[in-house]
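Chain by chain, the residues run as shown.
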Amino acid sequence: MSLLTVERLNVVFTTYQGKVKAVKNVSMTINYQETLALIGETGCGKSVIAQSILRLLPNNAQINGSIIFQGRDLLLVDEKTMASIRGKEIAIIFQNPSLALNPVYSIGWQVGEPFRIHQGVDRNQSIQESVRLLSYMKFDKPESAVKMYPFEFSGGMNQRALIASALALHPNLIIADEPTQGLDRTLIKQIIEQLDRARKIHSSSMLLITHDLTVARSISDWIMVMYAGEIVEQVPTLDFFQSPMHPYSQGLLRSLPENGFHPIPGQSPSMIENLSGCQFHPRCQWAREQCRWEKPGLFPINRRMVRCFLYD
Amino acid sequence: MKDLIFQRKKYFTRIGGFLFILFLLIAIFSHFIAPFQLRDRFDPFLPPGLKHLLGTNDIGNDLFTEFVYGSRTTLLVGLLTGAFAVSIGVLVGLFAGYHGGVIDELLMGITDVVLIIPRIPLIIVLSAFLRPSVGLMILVMSILWWTSTARIIRSRTMQIRSMGFVESARCLGFSSWHILFYEILPNIVMIIIPEFLITVASAMISEASLSFLGLGDPTLKSWGMMIHHAFQRGGFLNGMWWWYIPPGIGITLFVLSMVFLSFAFEETEIGIGEEVAIVPFNR
Amino acid sequence: MVFPAKKVLRYIFALFFIVSLNFFLPRAMPGDPVINLLGEDFIAGKEAVEKIREELGLNRPILVQYASYWKNLLRFDFGYSYHFRARVSSLIISRLKWTFILVAPSLILGTIIGALAGSLAGWKRKSKGNTFSFLFFLFIYCSPPFFISLLLLYFFGFRLGLFPLKGFYTTGNWIDILKHLFLPVLIMTLFSASRNYMVMRGSVLQEKEKLYVWYARAKGHLEDSILFQHVFKNASLPVITLFALDFGFLFSGALFIEIVFSLNGMGTLIYQSILSRDYPVLQGTFLTISFMVIIANYLTDWIYNWIDPRVRANR
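Keep in mind that what you see is a predicted model, and the values were worked out from it rather than measured.

Parameters at a glance
Residues numbered from 1 in each chain as written. Chains lettered and ligands numbered in written order. Predicted model: local features only at pLDDT ≥ 70, side-chain atom pairs only at ≥ 80, totals over all residues. Heavy atoms only, no water. Helix = DSSP H or I, 4+ residues; strand = E, 2+ residues; numbered from the N terminus. Buried < 20%, exposed > 50% of the residue type's maximum accessible area, 1.4 Å probe, protein only. Contact = heavy atoms within 4.5 Å. Areas by Shrake-Rupley, 256 points an atom, 1.4 Å probe, with all protein chains shown as cover. Lys, Arg positive; Asp, Glu negative; His and termini not counted. Charge placed at Lys NZ, Arg CZ, Asp CG, Glu CD. Salt bridge = Lys/Arg side-chain N within 4 Å of Asp/Glu carboxyl O. Polar contact = N/O pair within 3.5 Å; in protein donor to acceptor, adjacent residues only side chain to side chain. Pairing = 2+ DSSP bridges. Patch = residues over 30% accessible without salt bridge, like charges linked within 9 Å, V, L, I, M, F, W, Y side chains within 5 Å. Axes fitted to C-alpha atoms, helices over the stretch in contact; angles between N-to-C directions. Left-handed = near helix turned anticlockwise from the far one by under 90°. Nonpolar A, V, L, I, M, F, W, Y, C, P; charged D, E, K, R; others polar. Phe/Tyr/Trp six-rings, centres within 6.5 Å; stacked < 30°, edge-to-face > 60°. Lys NZ or Arg CZ within 6 Å of the ring centre and 35° of its normal. Parallel < 35°, antiparallel > 145°, perpendicular 65-115°, else oblique. Buried area = accessible area lost by both parts, 1.4 Å probe. Expected span 1.5 Å × (residues − 1). Bend = angle between axes of the 7 residues up to and from the residue. Core = buried A, V, L, I, M, F, W, Y, C linked by side-chain atoms within 4.5 Å. Disulfide = S-S within 2.5 Å.

In this structure, what is going on with the overall build of chain C? I would like to understand it.
When helices and strands are tallied, chain C shows 13 helices and 2 strands. With respect to the three principal axes, the spread of C-alpha positions in chain C is 85 × 55 × 35 Å. Here chain C holds 315 residues, and 56% of them are scored as buried. Within chain C, counting contacts between residues at least 6 apart in sequence, those at least 24 apart form 73% of the total. Total accessible area on chain C stands at roughly 13900 Å², and carbon and sulfur atoms take up 70% of it. Looking at charge distribution, chain C has the averaged site of its 32 positive side-chain charges lying 10 Å from that of its 18 negative ones.

What is the right way to read the interface of chain C and chain B from this model?
Interface size is often expressed as the accessible area that is lost when the parts come together. In this assembly, 59 residues from chain C lie in contact with 62 residues from chain B. Taken together, chain C and chain B are joined by 2 salt bridges. A salt bridge links Arg10(C) to Glu105(B); its shortest N-O distance comes to 4.0 Å. Here chain C and chain B share 4 residue pairs in polar contact (both at pLDDT 80 or more) between them. Elements supplying a minimum of two residues to the side of chain C that touches chain B: helix H1 (5–28), helix H6 (128–142), helix H7 (145–159), helix H8 (174–207), helix H10 (223–261), helix H11 (266–275) and helix H12 (279–307) of chain C.

Mind showing me how you'd approach the sheet that holds strand S5 (residues 72–73) of chain A here?
Two orientations exist for strands paired in a sheet by backbone hydrogen bonds: parallel and antiparallel. Residues and elements named next belong to chain A. Pairing is antiparallel across the open sheet formed by 4 strands, whose spatial order is S2-S1-S4-S5. Every interior strand has two partners, whereas the edge strands, strand S2 (18–30) and S5, have only one. Relative to strand S4 (residues 61–69), strand S1 (residues 4–15) runs antiparallel, the two sharing 8 bridges. Opposite Val 12, over in S4, you have Gln 62 as the bridge partner.

Can you walk me through a nonpolar patch on the surface in this structure?
Residues and elements named next belong to chain B. A cluster of nonpolar side chains, Ile 21, Leu 25, Ile 28, Phe 29, Phe 32 and Ile 33, forms an exposed patch at the surface whose accessible area comes to about 600 Å². When residues of the nonpolar patch are traced back to their parent elements, those giving at least two are helix H1 (2–28) and helix H2 (30–33). Here the element with the most residues in the nonpolar patch is H1; it accounts for 3 residues. Residue placement: Ile 21 occurs in helix H1.

In this structure, what is going on with the packing of H11(C) against H12(C)? I would like to understand it.
The packing of two helices is summarised by the inter-axis angle and the distance between the axes. Residues and elements named next belong to chain C. The geometry of H11 relative to H12 is characterised by a closest axis approach of 9 Å and an angle of 150° between their N-to-C directions. Here H11 runs over H12; the crossing is left-handed. Contact residues: Met 266, Leu 269, Ile 270, Ser 273 and Ile 274 in H11; Val 281, Leu 282, Thr 285, Thr 288 and Ile 289 in H12. Each residue belonging to the contact of H11 with H12 can be placed in one class, and the counts come to 7 nonpolar, 3 polar and no charged.

Help me out: how do you make sense of the side chain of Ser142(B) in this one?
All names here are of chain B. Within the secondary structure layout, Ser 142 lies in helix H6 (residues 134–144). The buried category is assigned to Ser 142, whose relative accessible area is 5%. In this structure Ser 142 touches Thr 81, Phe 84, Ala 85 and Ile 88, once residues within four positions along its chain are discounted.

How do you make sense of the packing of aromatic side chains when you look at a structure like this?
The description of an aromatic ring pair uses the distance of the two centres, along with the angle that the planes make with each other. Using the criterion set out here, one finds 41 aromatic pairs over all chains in the structure. Considering the side-chain rings of Phe146(C) and Phe256(C), the 5.9 Å spacing of their centres and the 40° angle between planes classify their relative orientation as tilted. Of the two residues, Phe146(C) is situated in helix H7 and Phe256(C) in helix H10; the sequence distance between them amounts to 110 residues. In this structure, Phe146(C) and Phe256(C) share a single accessibility class: buried. Taken together, Phe20(B), Phe23(B), Phe67(B), Trp223(B) and Phe254(B) form an aromatic cluster joined through their ring pairs. Its guanidinium or amino end placed over the ring of Tyr98(B), Arg161(B) lies 5.9 Å from that ring's centre, counting from NZ or CZ. When the ring centre of Trp214(C) is taken as reference, the NZ or CZ atom of Arg217(C) above it lies at 4.6 Å.

Hey, could you run me through the packing of helix H9 (residues 176–212) of chain B against helix H10 (residues 223–232) of chain B in this one?
Residues and elements named next belong to chain B. Their axes nearest at 7 Å, the elements H9 and H10 cross at an angle of 30°. Comparing the axis directions of H9 and H10 gives the class roughly parallel. Note on packing geometry: the crossing formed by H9 with H10 is right-handed. Along its contact with H9, which presents Ala 208, Ser 211 and Phe 212, the element H10 presents Gly 224, Met 225, Ile 227, His 228 and Phe 231. Here the residues of the contact of H9 with H10 are counted per class, giving 5 nonpolar, 3 polar and no charged.

Whenever I open this one, the interface of chain A and chain C confuses me. Can you help?
Opposite the 29 residues of chain A that make contact, chain C presents 22 residues. With both chains or domains summed, chain A and chain C bury close to 2300 Å², and 63% of this area falls on carbon and sulfur atoms. Summed over the shared surface of chain A and chain C, the number is 1 salt bridge. As a salt-bridge pair, Lys219(C) and Glu113(A) come within 2.5 Å of each other at their nearest N and O atoms. Where chain A touches chain C, the interface holds 11 residue pairs in polar contact (both at pLDDT 80 or more).

Is there a simple way to explain H10(C) in this structure?
Quick reminder: α-helices carry 3.6 residues per turn. Residues three or four places apart thus point the same way. All names here are of chain C. Compared with the 57 Å implied by 1.5 Å per residue over 39 residues, the 43 Å span of H10 between its first and last C-alpha is markedly short. At Val 231, H10 is bent by approximately 55°, the largest bend along its length. Of all 39 residues that make up H10, 29 are buried, and the element is covered over most of its length. Trailing H10 by a residue or two, Ser 262 shows a phi angle of about 50°, which is positive.

I would appreciate a short explanation of the nonpolar core in the present structure.
Side chains that are nonpolar tend, in soluble globular proteins, to be buried together. If you look at the biggest cluster of nonpolar residues, it comprises 145 residues, and the most contacted ones within it are Ile124(B), Phe212(B), Leu213(B) and Leu138(C). It is helix H11 (residues 241–263) of chain B that contributes the most residues to this core, 13 residues altogether. Listed in part, the 104 residues of the second largest apolar core include Phe69(A), Leu167(A), Ile219(A) and Tyr215(C).

Sorry if this is basic, but what is going on with the pattern of salt bridges here?
Per the counting criterion, the structure on display carries 24 salt bridges over all chains. The partner of Arg132(A) in a salt bridge is Glu129(A), with the nearest N and O atoms 2.8 Å apart. Residue Arg132(A) and its partner Glu129(A) are located together in helix H6 (residues 123–136), separated by 3 residues, close to a single helical turn. Relative accessible area serves as the criterion here: at 44%, Arg132(A) is assigned to the partly exposed category. Relative accessible area serves as the criterion here: at 22%, Glu129(A) is assigned to the partly exposed category. Across the salt bridge formed by Lys210(C) and Glu207(C), the nearest N and O atoms sit 3.2 Å from each other. The network of salt bridges with shared partners includes Glu105(B), Asp112(B), Arg151(B) and Arg10(C).

Got a minute to help me understand the state of the cysteines in this structure?
The bond known as a disulfide is covalent and runs between the sulfur atoms of two cysteines. According to the stated counting rule, one finds 0 disulfides over all chains in the structure shown. Cys308(A) supplies the cysteine sulfur nearest to Cys284(A), a cysteine that is in no disulfide, at a spacing of 6.0 Å.

What follows is the structure in structure tokens.
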């Protein structure tokens with residue numbers, strides 16, 4: 001049995017400019033102790049999926065579909081139950097750690113917060129726990145680090161504090177939303193290794209959201225490629241890097257520095273207008289007449305799924 | 001839900017606009033609306049009736065006539081003070097925000113100093129020494145009321161300054177005057193207008209307060225002065241509510257109309273700020 | 001605690017400016033400086049006026065006068081009131097305590113009520129109670145305090161006869177004092193609460209979409225605890241800043257309330273001085289209020305420092 005099953009998830013935002021279809025008919029599965037990497041360009045709807053799982057969407061969002069987590073549909077449980085799942089069974093690591101942390105509270109107060117919320121631990125004890133968590137994340141002087149404030153830390157340090165806090169209650173699922181954004185290469189490697197090590201020790205599963213293919217390659221078991229709110233390819237990580245099948249996946253790999261840094265020409269379509277046919281056809285070198293008018297389904301090929309008529 | 005908030009905002013704006021236009025018309029056409037002259041005398045202490053809608057005061061002046069003419073002073077002081085004070089504030093804010101550095105330090109230092117001076121007590125002292133007049137009141141209030149505008153305009157100017165189109169105008173060699181007034185100013189109009197409305201509201205309350213103390217222009221009738229007379233000459237102690245409640249409500253509604261109108265200019269961004277957040281006024 | 005020199009410098013400048021203004025006003029204004037300095041209740045023959053002119057030092061060079069003016073101020077010598085037949089400083093001190101009895105509880109209550117109601121209104125804007133509280137505080141916010149005082153005094157004092165119309169503290173009996181103070185404190189509290197309400201509401205509306213709020217939610221907080229454990233402290237920062245800026249205005253509001261209720265504080269003192277053109281008292285009260293505003297600003301800097309770690313680190 002899998003830990004999390006998302007089925008036919010649709011998320012629509014109502015804005016002044018019109019309806020934004022951020023997630024279209026997405027289905028996915030995360031197995032126990034596996035890492036699924038969701039990759040794609042910024043704004044393709046990756047983060048919205050993460051927010052939907054935790055039901056952390058603004059008021060102007062409409063969610064449809066089902067998100068089954070350990071036998072419960074998260075879209076149906078009441079707010080109180082949902083709150084008891086957040087931070088305890090599913091923890092999220094936000095992008096922009098320096099903005100995610102509250103500027104007027106100390107790091108220790110914030111890292112130890114899950115203990116206070118879910119276990120009724122008192123303030124001092126929770127700060128003791130955060131000293132333990134921070135030392136675990138290789139902070140030099142955790143005793144003094146807990147007394148610091150987010151603005152006194154670098155982005156990387158804040159990120160590690162967020163990871164420490166996410167691991168506090170051994171969640172079954174860790175959602176890491178662009179955990180490496182804005183950090184430099186050496187730091188990325190270090191943080192990703194720490195994250196993966198921690199995940200393995202707690203035998204958690206992870207949903208890794210990133211636009212950085214190297215990060216995805218180093219720690220994920222599965223890769224899901226998203227384009228304009230849709231899944232275009234779902235594939236075991238090794239297979240993805242050996243033989244990407246969807247033209248967009250191929251384009252993504254070609255844009256890596258080691259493969260010559262060839263960017264995909266054109267831009268992703270606006271999520272407000274309705275583009276007919278395959279969402280990628282305006283940028284696809286193999287686009288044919290059919291692609292313009294008909295929407296390709298997800299075609300199963302061995303262990304993978306590809307949304308492209310080339311594999312029909 | 002979004003439409004609902006839109007509607008609520010529209011609702012506020014409509015009420016504000018209606019009230020403002022109503023008072024504006026009363027002020028402009030006082031001559032036609034007022035049934036009598038300010039100096040006309042009738043029986044004193046008459047309660048409201050058909051002939052005297054709001055009764056008469058202790059020396060027999062028609063109070064409805066006073067109320068109608070009183071709107072003029074409030075409007076005059078409010079609008080002129082608003083215009084002058086906001087002009088000063090916009091200029092100071094633009095220069096401080098655009099030039100930065102020493103100029104910014106200096107102008108903001110002055111702003112902070114002016115901000116600390118307690119305004120009403122200062123005006124009280126000044127008006128006590130000088131013969132109270134509308135002109136003096138407008139002048140002194142303009143000199144003291146510009147500070148919050150200056151601060152807001154400064155921070156917005158700093159934001160706009162770093163944007164692409166201003167940078168490119170500077171690279172193209174346009175003078176800073178040109179950039180300030182043709183590139184930046186049009187982009188802050190939407191902040192200037194609510195600042196103006198709020199300043200007008202603040203000036204109206206202050207005018208009423210000073211007139212209530214008897215420091216209003218003795219040659220002009222104003223709502224604050226009506227309340228002053230009612231309080232001083234026995235209207236209040238004799239329970240003649242028609243003497244001081246209508247002008248008080250007039251002031252409140254006038255100020256409300258300004259605040260409601262300013263709601264229309266609240267920034268609207270997707271997800272946030274769809275709700276009116278009120279800028280504090282009349283410090 | 002050490003502050004950035006810049007801020008202290010500005011306070012010193014403000015004080016300097018206000019004192020200088022106070023010095024030059026009676027000397028530059030139209031009319032005889034003797035009258036401007038002593039008030040219009042000072043009546044004397046020509047010879048006596050000249051004698052006083054000499055005593056006041058008005059014939060000495062202006063800078064010498066200026067220096068001795070500062071010296072007097074530092075000794076709390078604000079001059080003599082011929083109208084009240086008392087030293088201005090002792091007049092002010094005797095009146096100030098009544099104003100404080102009105103202002104201090106109202107400011108504390110008003111800040112608590114305004115901040116709580118305002119933050120709730122910003123946080124859960126859809127509820128009926130919040131719409132009502134918004135309109136209620138907006139009405140208070142848009143009315144001059146003296147008008148609300150007149151309204152309530154008319155209704156509760158006149159119509160219902162619940163409270164006395166005139167507020168002199170004749171008996172000194174506690175119940176009597178409380179009865180006299182109830183309405184003024186209520187109005188002053190509402191007045192101060194309405195301003196804090198508006199600021200807090202706007203501040204929470206701005207804070208509620210910030211990422212740390214979402215993060216708090218993601219950790220499993222329920223809505224109310226996000227407001228009070230995460231948003232409140234951040235949102236109260238503008239309220240604190242505003243408190244400093246507002247202090248002079250709130251204080252002026254208290255003066256008007258006093259006048260309506262004939263409470264024997266600073267406001268009534270100012271009112272009586274205006275009516276009798278008692279310039280020394282007016283100037284003395286202006287100086288006193290300015291000084292209190294500066295102190296209030298300094299204190300709020302202090303509180304701000306204590307709440308916001310970013311400011312604390314930058315000192």
